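# Descriptive structure summary
These are the residues of each chain, in order.
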Amino acid sequence: MKVELIPVIEITNYDEDIPMPPSGPYWEFPDEWEDYRISANIKAGFSKDLKPYFKSSSFYRISEISDKDLLKIIHKEIEIQQTEENRGIDDLTCSLDGGYILKINNVDKYFPHCCGKLRDITEWEDLIAEEEHVYFYMGHPSPRVEKSETKIIFDFLNSEIQDPYSPPILEGKIAVDKEVLKIAIENAKNELFHFAQQLIKINELENLNIPEIDTILIYGIDE
């Protein structure tokens, strides 16, 4: 079994001057939604080279984001996290929206959902801890998790939070070998490390002066 854990962030831009596709969901009409997302991203100041993890998706793999687009993401995040009192950039506290795509034997099986964030790597780390029971959260909905001696079992039929999965998950349960998942988690953390270095570099080159920018945008503070 080949298992990968893909770190992605979610980038969503909308523009009232760009007509939205009349049909959905996006995974069933990828061409229409891909055209819309590209147009909306460019209108928002992102480059035309910003490519989603898969066609029409709003997920972007962190290792494939250019410095130019990451700078735009940082500025956008500052705007989002500032309050009505217009607190400064020193008050950034939140991890970037997104999470981790579970990929098994080269097939994407499970995606981050609403309220998922990069900090959720700690949820994946908890899965391979010694504790028998674990509450697993990757946004809502999130599957219930069962553990055996050698397997982690994701139960999508009995989710902790009962919302529809988008994109839908065809299997009721997915079993993953613990040791293989452990390697996938370490690989994801290595990708996070390089993303952190990219954040630090941009912070310095652009004189953003955001303290602990890598810790904040990956793990969040006091969340």
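Keep in mind that what you see is a predicted model, and the values were worked out from it rather than measured.

### As for the overall build of the protein chain
Within the protein chain, the regular secondary structure consists of 5 helices and 7 strands. Along the protein chain, from the amino end to the carboxyl end, the secondary structure elements read β-α-β-α-β-β-α-β-β-β-α-α. For the protein chain, whose C-alpha radius of gyration is 18 Å, the value lies close to the compact-globule estimate of 17 Å for 223 residues. A separation of at least 24 residues holds for 58% of the contacts in the protein chain among residues at least 6 apart in sequence. As displayed, the protein chain has an accessible area near 11,800 Å², and 49% of this comes from carbon and sulfur atoms. Of note, the protein chain has its 23 positive side-chain charges centred 5 Å away from the centre of its 45 negative side-chain charges.

### Here we look at the pairing of strand β5 (residues 144-147)
The alternating pattern of β5 places Val145 and Lys147 on a buried face, while none of Arg144 and Glu146, on the opposite face, is buried. Pairing of β5 with strand β6 (residues 151-155) involves 4 bridges; the strand directions are antiparallel. Note that in β6 the partner of Lys147 across the bridge is Ile152. Linking β5 back to β6 in an antiparallel pair, the connection comprises 3 residues.

### Points about the packing of helix α2 (residues 67-81) against helix α4 (residues 178-205)
Between two packed helices, the angle of one axis relative to the other and the distance separating the axes together describe the packing. Running from N to C, α2 and α4 point in directions that differ by 80 degrees, and their axes come no closer than 10 Å. Between α2 and α4, the crossing angle belongs to the class labelled roughly perpendicular. Contact residues: Asp67, Leu70, Leu71 and Ile74 in α2; Phe195, Gln198, Leu199, Lys201 and Ile202 in α4. The residue makeup of the contact of α2 with α4, split by class, is 6 nonpolar, 1 polar and 2 charged.

### Side note on unusual backbone geometry
In this structure, the amide linkage connecting Gly24 to the following residue, Pro25, adopts the cis form with an omega of 5 degrees. Structurally, Pro25 can be placed in the loop between β1 (3-10) and α1 (30-43). Omega for the peptide link from His140 to Pro141 comes to 5 degrees, which places this bond in the cis form. Within the secondary structure, Pro141 is located in the loop between α3 (121-127) and β5. Even without being a glycine, Asn209 presents a positive backbone phi close to 55 degrees. Assignment of secondary structure puts Asn209 in the loop between α4 and α5 (213-219). The phi dihedral of Glu212 falls on the positive side, at around 50 degrees, and the residue is not glycine. Within the secondary structure, Glu212 is located in the loop between α4 and α5.

### With respect to α4
At 3.6 residues per turn, the α-helix brings residues three or four places apart onto the same side. With 28 residues, α4 ought to run about 40 Å at 1.5 Å a step, and its terminal C-alpha atoms sit 41 Å apart, in line with that. A positive phi of about 55 degrees marks Asn207, the residue just after α4.

### Some remarks on the side chain of Asp69
Tracing the sequence through the fold places Asp69 in helix α2. Here Asp69 is buried and forms no salt bridge, its nearest opposite-charge partner Lys68 lying at an N-O distance of 6.3 Å.

### Quick look at the side chain of Asn41
Position of Asn41 relative to the elements: it lies in helix α1. Residue Asn41 is classed as buried on the basis of its relative accessible area of 4%. Those residues in contact with Asn41, other than ones at most four positions away along the chain, are Ile11, Asn13, Phe46, Leu50 and Tyr60.

### Things to note about the pairing of strand β4 (residues 107-110)
Two strands pair when backbone bridges link them, and strand β3 (residues 98-104) and β4 are joined in this way by 3 bridges, in the antiparallel orientation. Note that in β4 the partner of Lys103 across the bridge is Asp108. Linking β3 to β4, which pair antiparallel, is a turn of 2 residues; within it Asn105 sits at a positive phi near 50 degrees.

Calculation rules
- Residue positions are counted from 1 within each chain, in the order its sequence is given.
- The predicted nature of this model means local features are confined to residues of pLDDT at least 70 and side-chain atom pairs, given and counted, to a pLDDT of 80 or more, with totals for whole chains, interfaces and linings taken over all residues.
- Only hydrogens and water are set aside; all other atoms, that is, all heavy atoms of the structure, feed into the side-chain values.
- In this text, helices come from DSSP runs of H or I with a minimum length of four residues, and strands from runs of E with a minimum of two, each type numbered from the N-terminal end.
- Taken over C-alpha atoms, the radius of gyration is set against a globule rule of 2.2 Å times the number of residues to the power 0.38.
- A contact between two residues is defined here by any heavy atoms of the two lying within 4.5 Å.
- What sets the accessible areas is the Shrake-Rupley method with a 1.4 Å probe; for residues, cover comes only from the shown protein chains.
- Two residue types count as positive, namely Lys and Arg, and two as negative, namely Asp and Glu; His and chain ends fall outside the count.
- In this description, the location of a charge corresponds to atom NZ of lysine, CZ of arginine, CG of aspartate or CD of glutamate.
- Summary of the burial criterion: residues with accessible area below 20% of their type's maximum are buried, those above 50% are exposed, and those between are partly exposed, where the area comes from a 1.4 Å probe applied to protein chains only.
- At least two DSSP bridges between two strands are needed for those strands to be called paired.
- To obtain an axis, a line is fitted to C-alpha atoms, over the contacting stretch when the element is a helix, and the angle between two such axes runs from 0 to 180 degrees between their N-to-C directions.
- In these notes the angle categories are as follows: under 35 degrees is roughly parallel, over 145 is roughly antiparallel, 65 to 115 is roughly perpendicular, and the rest is oblique.
- Classification convention: Asp, Glu, Lys, Arg as charged; Ala, Val, Leu, Ile, Met, Phe, Trp, Tyr, Cys, Pro as nonpolar; all other residues, Gly among them, as polar.
- Expected helix span is given by 1.5 Å per residue-to-residue step, counting one fewer step than there are residues.
- Here, a salt bridge means any Lys or Arg side-chain nitrogen found within 4 Å of an Asp or Glu carboxyl oxygen.

Everything listed here is a matter of geometry and, on its own, says nothing about what the molecule does.
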